Amino acid sequence: MAVVRQRRHPDLKLPLPDAASDRRPRFPLPLPPAAAAAAAAGGTATLADLEKLQVLGHGSGGTVYKVRHRRTSAIYALKLIHGDCDPTVRRQVLREMDILRRTDSPFVVKCHAILPQASGDTAFVLEFMDAGTLTSIPIPSESALSRITRQVLHGLSYLHSHKIVHRDIKPSNLLVNSRMEVKIADFGVSKVMCRTLDPCDSYVGTCAYMSPERFDPDRYGGRYDGYAGDVWSLGLTLVELWVGHFPYLVDGERPDWASLMCKICFGDPPSLPDGASDDFRDFVGCCLQKDSKNRWTVDQLLAHPFVSRDRR
Ligand code: ATP
Ligand code: MG
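Everything in this summary refers to the structure shown in the same document. Treat the numbers as computed from the prediction; the structure is a model and nothing was measured.

So, the packing of aromatic side chains
One pair of aromatic rings is described through two measures. These are the centre distance and the angle between the planes. Applying the stated rule across the entire model yields 5 aromatic pairs. Ring geometry for Phe-280 against Phe-306: centres 4.6 Å apart, planes inclined by 10 degrees, an arrangement best described as stacked. Of this pair, Phe-280 sits in helix α7 (residues 278–287) while Phe-306 sits in helix α9 (residues 305–308), and the two are 26 residues apart along the sequence. For Phe-306, a relative accessible area of 0% translates into the label buried. Seen in terms of ring centroids, Phe-283 and Phe-306 are 5.2 Å apart; in terms of plane orientation they differ by 55 degrees. Their pairing is tilted. One end of the pair, Phe-283, is in helix α7; the other, Phe-306, is in helix α9, and 23 residues separate them in sequence.

Structure, rendered in structure tokens:
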């Protein structure tokens, strides 16, 4: 199938106010084990070792650059978070540091070093993903989408097995390289699960991709299962990648989070248009179950025919 459909709303940003913003992060930022971090980044000890080549993207509180290590010529992505950002963003920095220190998977963007600066800025030296995010690739064929999905599921399976919920799965947080490897990035609102989630703390991320029970836990027996929330966001991401626009919005519609919340909570979940296979349609249906207890887990989804069958 020739696929040249135009994407609309290529990077939908609808962050919610963070209800837990009164919880102050602990400062100064803890330093990473310096020797290990420096060795991993080819001897990066300071920002001066990295030459900025171009801006890759802007996020809340900072900028991401493509950089070259002056001595080794290795290319990295440098995520620089400004120290004068608001407390919510500072808390995200701490979360991201905590998670990135714990993760080591081929399906998660690798962090080579974390370099806290005297200015208060924090620099993350990351694996460079040279093809950008899933928002910047042409709309994939179903077989390509199946391969993409399998990789994201492996990344989520790794995270969930380490009790980490991502909480912001969306096309712009899934990075891709020229080998078509897809990796999960951006752990600013992720969480290491202890027992249960504080309902206030569950209210973070990009609301457009949030599951119904995150907005309206009472309707679902007071349950908010962060793992199932990631699966919902994956389902929505797949529909978006297939149809080329955020599925809850029709053409020309203004995205505002209050009306979106109503659609997510009270409307039917999006489904795939004609042209998708039964396997794909069923897979999306397993992700987009409104009641989280009917939603498939990541490990169940890995055995689903849409991703387990060879579709070359
Ligand atoms: P947002 O609030 O939009 O989620 P953010 O502050 O969380 O942004 P990131 O999502 O980590 O920041 O990065 C912003 C953008 O920078 C990404 O959408 C992507 O275009 C680019 N980017 C981030 N990390 C990398 C990387 N490792 N390799 C290549 N590009 C990257
Ligand atoms: Mg992001």
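Remarks on the coordination of the magnesium ion (ligand 2)
For a metal bound by four donors in tetrahedral geometry, the ideal donor-metal-donor angle is 109.5 degrees, whereas six donors in octahedral geometry ideally sit at 90 or 180 degrees. Here the magnesium ion (ligand 2) is held by Asn-173 (OD1) and Asp-186 (OD), and the distances to it run 2.0 to 2.2 Å. Here Asn-173, found in the loop between β6 (164–165) and β7 (174–176), pairs with Asp-186, found in the loop between β8 (182–184) and β9 (191–192); they are 13 residues apart in sequence, far enough to count as distant.

Some points on the side chain of His-304
Mapped onto the fold, His-304 is located in the loop between α8 (298–302) and α9. By relative accessible area, which is 2% here, His-304 ends up buried. Discounting chain neighbours no more than four positions away, the residues touching His-304 are Asp-279, Asp-282, Phe-283, Cys-286 and Trp-296.

Procedures and definitions
- Residues numbered from 1 in each chain as written.
- Chains lettered and ligands numbered in written order.
- Predicted model: local features only at pLDDT ≥ 70, side-chain atom pairs only at ≥ 80, totals over all residues.
- Heavy atoms only, no water.
- Phe/Tyr/Trp six-rings, centres within 6.5 Å; stacked < 30°, edge-to-face > 60°.
- Helix = DSSP H or I, 4+ residues; strand = E, 2+ residues; numbered from the N terminus.
- Buried < 20%, exposed > 50% of the residue type's maximum accessible area, 1.4 Å probe, protein only.
- Donors = N, O, S within 2.8 Å, 3.2 Å for Na, K, Ca; no water.
- Contact = heavy atoms within 4.5 Å.

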